Amino acid sequence: MIDLIESSIGTKTMARYSELMCSLALRAVRTVSQDQSFASNTHLINGNATLPKSESAPKSYEVDIKRYARVEKIPGGEIEDSRVLDGVMLNKDITHASMRRRIENPRIVLLDCPLEYKKGESQTNVEISNEDSWNRILQIEEEQVKKMCDAVLSVKPDLVITEKGVSDLAQHYFVKANVTALRRVRKTDNNRIGRAVGATVVNRVDDLQESDVGTGCGLFEIEKIGDEYFTFLTKCKNPKACTILLRGPSKDILNEIERNLQDAMSVARNVMFHPRLSPGGGATEMAVSVRLAQKAKSVEGVAQWPYKAIADAMEVIPRTLVQNAGASPIRVLTKLRAKHAEGGSSWGVDGDTGAVVDMMEYGVWEPEAVKSQSIKTAVESACLLLRVDDICSAKSAKQGGGNMGGGGED
């Protein structure tokens, strides 16, 4: 897998750090990968997960690197300091100075509701006739906030994370209970935290249950990097979400590293979906071309021409590699075609020297899914162009026939 990913980023800017980038991409993809059949067939008995009934069925993996593998770029430091966290990192600080900044094995509650006095949905006017009514309004607000905080504290959490706001009174109750709170967290980050620590995002504090509390995190810690504070939820037991922390001298270099890392993760994800590889360097295209040319000889009549046309088109890839290397396309392609005719289907073109080498020994591999998809797309595009060409020629012929007839339909 490392060699495969290295071949995909070998010509990019981060080629000198290819070993680091490949290890980061592979670890991130393996972290977020999840057996979809297990997730859908798992049965809960007394709160414990049991294995699915049909273990002999083929496994289908869910690898959502866009949603659950987030890349955080922090300027400063060296590129070698980049790492994959076995958890989630947020650009957030605690809401109150007296809250704890480090908690081991925290009990985490995730909320999607504000911990403050709920205002009216529409414009509301309140008319107060005496001072007691005003004091009663303030008391109702405090009672409502205290009721929400009591509902949260009933499950004995150590850390409360909400996507909405946390009022000063709620912070006061949390500080008295020695509970840390984070507010205004993005929904995507909240979902990743829930997947990493095993918690469930709750929309109403009254519906909070013991099963909604996440206990899979090993360490909650807030660190200051540069001028900003960052929250780390790491040492998770079975994280299915991760954060890739990238360090570098400037934002431009970090953006380039992120683009290369996304390519590497996409390659690793494709191989996990379809664990089949094809030799690179134009070997696969030349093998298909030779076999199609042999097949064309066994077909009689006009039907053999599509085989020959596709066989000629497939030679474009190795021919382009030879031309880019500065070698003679005719001589190298003839030699490569002879190798494949002898049965050496893994022989391709060395992109540096233009020589014919065995890709199994050279170590250049590509995912089979990418190869098959490119061939399908090329064939479908050619068919689309042919259909459009037929429609245009038929339309022009009809117009020409109408002009020759003179009178038209009338």
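Since the model is a prediction, treat every value here as computed from it, not as a measurement.

S.K.: Run through the overall build of the protein, naming residues and quoting values.
M.R.: On a plain count of helices and strands, the protein comes out with 14 helices and 19 strands. Residue burial in the protein is summarised as follows: out of 410 residues, 38% are buried. Long-range pairs, those at least 24 residues apart, make up 72% of the contacts in the protein with a sequence separation of at least 6. Carbon and sulfur atoms form 50% of the exposed surface of the protein, whose accessible area is close to 23,900 Å².

S.K.: Help me get a handle on the sheet that holds strand 5 (residues 69-75), residues and values and all.
M.R.: The sheet built from 3 strands is open, its strands ordered 5-15-6 with mixed pairing. Looking at strand neighbours, the two that pair on one side only are strand 5 and strand 6 (83-85), the edges of this open sheet. Across the sheet, the axes of successive neighbouring strands diverge by a mean angle of 25°, strand direction being ignored. In terms of strand pairing, strand 6 meets strand 15 (residues 242-248) through 3 bridges, oriented antiparallel. Each residue of the ladder has a partner; that of V84, found in strand 15, is I244.

S.K.: So, the pairing of strand 15: which residues are in play, and what are the values?
M.R.: For strand 15, the tally of buried residues reaches 7 of 7 residues, placing the bulk of the element in the interior. Of the two faces of strand 15, the one lined by C242, I244, L246 and G248 and the one lined by T243, L245 and R247 are each fully buried. Pairing of strand 5 with strand 15, which is carried by 7 bridges, proceeds in the parallel orientation. Counted as the bridge partner of A69 is C242 from strand 15.

S.K.: How would you sum up the pairing of strand 9 (residues 108-111)? Please name residues and give values.
M.R.: Residues I108 and L110 point to one face of strand 9 and V109 and L111 to the other, with burial holding for every one of them. Bridge analysis of strand 9 against strand 10 (residues 159-162) gives 4 bridges, and the strand direction is parallel. Looking at the pairing, L110 lines up with I161 of strand 10. The pairing of strand 9 with strand 12 (residues 201-202) spans 2 bridges and is parallel. The residue bridging L110 from the neighbouring strand is V201, located in strand 12.

S.K.: So what about unusual backbone geometry? Which residues, and what values?
M.R.: Here the phi dihedral of N178 falls at roughly 60°; this positive angle occurs in a residue that is not glycine. With respect to the helices and strands, the residue N178 is situated in the loop between helix 6 (168-176) and strand 11 (180-182). By relative accessible area, N178 is classed as partly exposed at 42%. Notably, R184 is not glycine yet its phi reads approximately 55°, a positive angle. Position of R184 relative to the elements: it lies in the loop between strand 11 and helix 7 (187-197).

S.K.: Please set out the confidence of the model for the protein residue by residue, giving values where relevant.
M.R.: Of the residues in the protein, 87% reach a pLDDT of 70 or more, and the chain-wide mean stands at 83. In this model residues 38-58 is a low-confidence stretch, pLDDT under 50, and it forms 14 contacts with partners more than four residues away in sequence or in other chains. The low-confidence segment residues 404-410, where pLDDT is below 50, has 0 contacts with residues more than four positions distant or belonging to other chains.

S.K.: Help me get a handle on helix 1 (residues 2-9), residues and values and all.
M.R.: Because the α-helix completes a turn every 3.6 residues, residues three or four places apart line up on one side. Turning to helix 1, its buried residues are L4, I5, S8 and I9. In an axial view of helix 1, the angular spread of the buried residues amounts to 125°, which keeps them on one side of the axis. Tucked into the core, helix 1 has its buried residues touching helix 2 (18-32), helix 8 (251-273), strand 16 (277-279) and strand 19 (365-367).

S.K.: Please set out the environment of G280 residue by residue, giving values where relevant.
M.R.: Note on placement: G280 falls in the loop between strand 16 and helix 9 (283-297). By relative accessible area, G280 is classed as buried at 0%. For G280, the residues in contact, after removing those within four places along its chain, are M359, V364, W365 and E366.

S.K.: So, the side chain of D358: which residues are in play, and what are the values?
M.R.: Summarising the element assignment, D358 is placed in strand 18 (residues 356-358). If we skip the residues at most four places from it in the chain, D358 touches S346 and W347.

S.K.: So what's going on with the pattern of salt bridges? Residues and values would help.
M.R.: For the coordinates displayed, the defined rule picks out 22 salt bridges. Note that D93 and R101 form a salt bridge whose closest N and O atoms lie 3.0 Å from each other. Under the relative-accessibility criterion, D93 is labelled partly exposed at 25%. Residue classification places R101 among the partly exposed positions, given a relative accessible area of 33%. Taken together, the shared-partner salt bridges in this structure form one network comprising D112, E163, K164 and K187.

Conventions and cut-offs
Residues numbered from 1 in each chain as written. Predicted model: local features only at pLDDT ≥ 70, side-chain atom pairs only at ≥ 80, totals over all residues. Heavy atoms only, no water. Helix = DSSP H or I, 4+ residues; strand = E, 2+ residues; numbered from the N terminus. Buried < 20%, exposed > 50% of the residue type's maximum accessible area, 1.4 Å probe, protein only. Contact = heavy atoms within 4.5 Å. Areas by Shrake-Rupley, 256 points an atom, 1.4 Å probe, with all protein chains shown as cover. Pairing = 2+ DSSP bridges. Axes fitted to C-alpha atoms, helices over the stretch in contact; angles between N-to-C directions. pLDDT = per-residue confidence, 0-100. Arc of directions from axis to C-beta. Salt bridge = Lys/Arg side-chain N within 4 Å of Asp/Glu carboxyl O.

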